[in-house]
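Fold and geometry: a report
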Amino acid sequence: MNVELYERIWMWAAGGLLLLFLGAIFLTAGLQAIQPPSHIETVDPTALTTHPEFGTPAVKTRADGSVVVSVVAQMFSFSPDPIEVPANRPVTFRLTSADVIHGFEVVGTNANAMAIPGYVSQFTVTFKEPGEYLIGCNEYCGTMHHNMVGKLIVKKESP
Amino acid sequence: MNGRHSLAAAHVGVAVAAFAVASAMGVLQALSIADIPFPHRSESLYYLAVTAHGVLMALVFTTFFIMGLGYALSQESLGRITGRGLAWIAFALGLGGSAAAAVTILRGQSSVLYTFYPPMQAHPLFYIGATLLIVASWIWGGVMIASYLSWRREHPGVPVPLSIHGMLATIILWYLATAGLAVEVLGMLIPWSLGLVTKIDPLLARSFFWWFGHPLVYFWLMPAYVLWYTVLPRVAGGKLFSDSLARMVFILFVLLSVPVGFHHQFADPGISSNWKLVHTVTTYAVLYPSFVTAFTIIASLEVAGRMKGARGLFDWIGRLPWGDPFFAAVALAMIAFTFGGFGGAINAAYAMNSMVHNTAWIMGHFHVTLGTTVALTFMGATYWLLPRMLGRELRLMTLARIQPYLWFAGIALFSISYHIAGLRGLPRRVYSASLTGEYGAAWHGLTRLAAVGAVILFLSALSYVVVVAATWIGGKRIPAPAFEFAVALRPPTAPGVWDRFGLWTVLAVLLVAVSYGYPLLHLFAYTRYGSPAFQPF
């Protein structure tokens, strides 16, 4: 294939740019474990009310001081609401849905995951700034989708 | 109507009609999000409008336009359409199916958006109607391939015309993509909506949807590229800079555009992060053919400017026919795509994706890509096609000249506003940006700017529809101008490696099998409970 010199330069440069993008993703994935929420765990969405964990979704502190928040998304609210967590400590969210697909987005942070019925989403976030955050549902879930909000309260760590 | 192109014209006509209805639905949404009051504003109307806009734009307008363009190119470049009768049957199936689905949407029975994620359940006719449209497109693909094979028998050893090369690549990609959709709709959604099974696995259905959903955007983009490569340089008065690289680009899309769907599911459970990383690699790789396209097309335009006597570094830009509605539309579409492409590179990086996933940013993003790069190219192409298909002169030429610029101005306001609102966290697909009524302050300035953009877009859409209708009904009858395609600087003399469709198809199928086979089969190792149906609309 006869390719003009300038075009050949451009093609190498474009290839280099893409490798740079991918390199950044691979490096942060490998070295800093920056990964998308990709937990694989199933749960019966029709039996959540009697489920040992999701029957009474709540914030719990583990022995090592890390915090686990179990959240059930349903038309058109999140439970528990509000969610209270400490600042500057890893908080693991475990999220599922009792009906259709919902989104769980803590506005102003990178906590953003799907709540899919039958599956448990799990991801860990550390909130540095104490304050009140809006939790919005960002997947269409019915006529009152826009009303589906919750509150996250990040409390300053008591010394 | 010019008899040779009646098939193409009928398809383009349906596309424009769908576009008209969808545009009205679009402007209603932008007003609603910004809390600008209008008569009959309600939550259910809003979600109905989102569904109608998505289905009519993303599935009906695009598919019918692409089928029409394919028939026109087959007639002109191959001198035939093999299986006209079958093509008309497909047209009727597609039209009937689209109409059936549209009726259930407009009656409020299928407000499930164009992604129709279960366990939200639409009316069975919604799924069946959409299936008929896809079946129609499969028949169209078959007719196109039959036309090519018939031509090939008469022209052994000759390279296939570039426009047909691009359309054949589009069709192969479409069969690969719709295989995933067929599994979802025929295997899961239709039996479930008819009550034959009670439960459905939402994640599995969603994964099959995105198997289809991302190559769907290349199904739209590739015919636009066909127009950029084969028509634009000619309209600009120049030559195609590189024919062989154009063929490489089309083949790279066949290979790379299907195994990328997990980048729509970065935030989903049930798919391991390593497989998401695999799809990230292919997602970046599929940017590559667009980089190559940018060079080839801009170089072709420079050739055009220099053939008209331009000197110096940038004089050639001013010598291009900016007053020609086809040229202006495509040139602006390409400018939009530079922004859209880099936005896509941001979405594909999952650390950044988690800031913008399912926010208004995404609405901003696909309105510069699908909504401008593709749609504006198709609008410009309509101006180019109509006189050639109908044997009528374009009417309201001034309006046609202004229309692409109006669209560009509208999309700039609309998309920039939503990109920023998304970065500030505005969730996607909300009836009102104030959500429960308390949260509008952070977003309302931006959503109102976006609404102004949407009104400009609507005026532009209206101009397009008026020009098309006026030309169709009352355009002066003229001898149909020839379909003139761009000549390459170095035209190919024999079919090359990029013309070996069989080989590339096999490779593409293997790539899809690897990138989807393991992660989906892996799900079956878990106890999956399934969900009953919900209709919260």
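Only a predicted model underlies this, so the values are computations on that prediction, with no experimental measurement involved. Counting restarts for each chain: residues are numbered from 1 in the order of the written sequence. All chains are assigned letters beginning at A, and all ligands numbers beginning at 1, according to the order in which they are written. Only residues with pLDDT of 70 or above have their local features reported here, since the model is predicted, and side-chain atom pairs are shown and tallied only from 80 upward, although totals for entire chains, interfaces and linings are computed over all residues. Values shown for side chains rest on all heavy atoms present in the structure; no hydrogens or waters enter the calculation.

A separate point is the environment of Leu376(B). Residues and elements named next belong to chain B. Helix and strand assignments come from DSSP, with helices taken as H or I runs of at least 4 residues and strands as E runs of at least 2, each series counted from the N terminus. Locating Leu376 in the fold gives a position in helix α14 (residues 360–390). Type-normalised accessible area, obtained with a 1.4 Å probe on protein chains alone, sets the label of each residue: buried when under 20%, exposed when over 50%, and partly exposed for intermediate values. Given a relative accessible area of 0%, Leu376 falls into the buried group. Taking the C-alpha atoms as reference, Leu376 lies 36 Å from Glu154; in sequence the two are 222 residues apart.

With that settled, the discussion passes to the interface of chain B and chain A. Across the contact, 77 residues belong to chain B and 60 residues belong to chain A. Note on definitions: buried area is the accessible-area loss of two parts on being combined, 1.4 Å probe, summed for both. Buried area between chain B and chain A, both sides added, is near 5,800 Å², and the carbon and sulfur share of it is 69%. Throughout this description, the term salt bridge denotes a Lys or Arg side-chain nitrogen within 4 Å of a carboxyl oxygen of Asp or Glu. The interface formed by chain B and chain A includes two salt bridges. Between Arg490(B) and Glu4(A) there is a salt bridge, and its shortest N-O distance comes to 3.3 Å. Here a polar contact is recorded for every N or O atom pair within 3.5 Å, except that within protein the pair must consist of a potential hydrogen donor and a potential acceptor, and residues adjacent in sequence are included only if both atoms are side-chain atoms. In this assembly, chain B and chain A are joined by 22 residue pairs in polar contact (both at pLDDT 80 or more). Elements with a minimum of two residues in the side of chain B that touches chain A: α2 (43–78), α6 (202–230), α8 (243–256), α9 (273–285), α10 (288–307), α12 (325–348), α13 (350–356) and α17 (501–523) of chain B. In this count, Pro and Cys sit with the nonpolar residues alongside Ala, Val, Leu, Ile, Met, Phe, Trp and Tyr, while Asp, Glu, Lys and Arg are called charged and the others, Gly among them, polar. Across the side of chain B that touches chain A, the residue classes break down as 46 nonpolar, 20 polar and 11 charged. Here a residue-residue contact requires only that any non-hydrogen atoms of the pair lie within 4.5 Å.

Residues and elements named next belong to chain A. For the peptide bond that leads from Met75 to Phe76, omega is -5 degrees, which places it in the cis range. For Phe76, the location among the structural elements is in the loop between β2 (67–74) and β3 (77–79). Of note, the amide linkage connecting Asp81 to Pro82 takes the cis form, showing an omega dihedral of -5 degrees. With respect to the helices, strands and loops of the structure, Pro82 is situated in the loop between β3 and β4 (83–86).

What follows covers a nonpolar patch on the surface. A cluster of nonpolar side chains, namely Leu125(B), Ile128(B), Leu132(B), Leu194(B), Leu196(B) and Val197(B), defines an oily patch on the protein surface of about 500 Å² accessible area. Relative to the helices and strands, Leu196(B) resides in the loop between α5 (162–193) and α6. To count toward a patch, a residue needs a relative accessible area over 30% and no salt bridge; like charges are then connected within 9 Å, while nonpolar side chains (Val, Leu, Ile, Met, Phe, Trp, Tyr) are connected within 5 Å. All accessible-area figures derive from a Shrake-Rupley calculation using a 1.4 Å probe, and residue coverage is judged against the displayed protein chains alone.

So, about the pairing of strand β6 (residues 102–106) of chain A. Put simply, side chains in a regular strand alternate between the two faces of the sheet. All names here are of chain A. For β6, the buried fraction is high: five of the five residues fall into the buried class. On β6, burial covers both faces: His102, Phe104 and Val106 on one face and Gly103 and Glu105 on the other are all buried. Connecting β6 to the antiparallel partner strand β7 (residues 112–115) that follows it, the hairpin turn spans five residues, and Gly108 within it adopts a positive phi of roughly 90 degrees. For two strands to be treated as a pair, DSSP must find at least two bridges joining them. Summarising the sheet, β6 and strand β9 (residues 131–136) pair through two bridges and their orientation is antiparallel. Bridging from a neighbouring strand, Glu105 pairs with Gly136 of β9.

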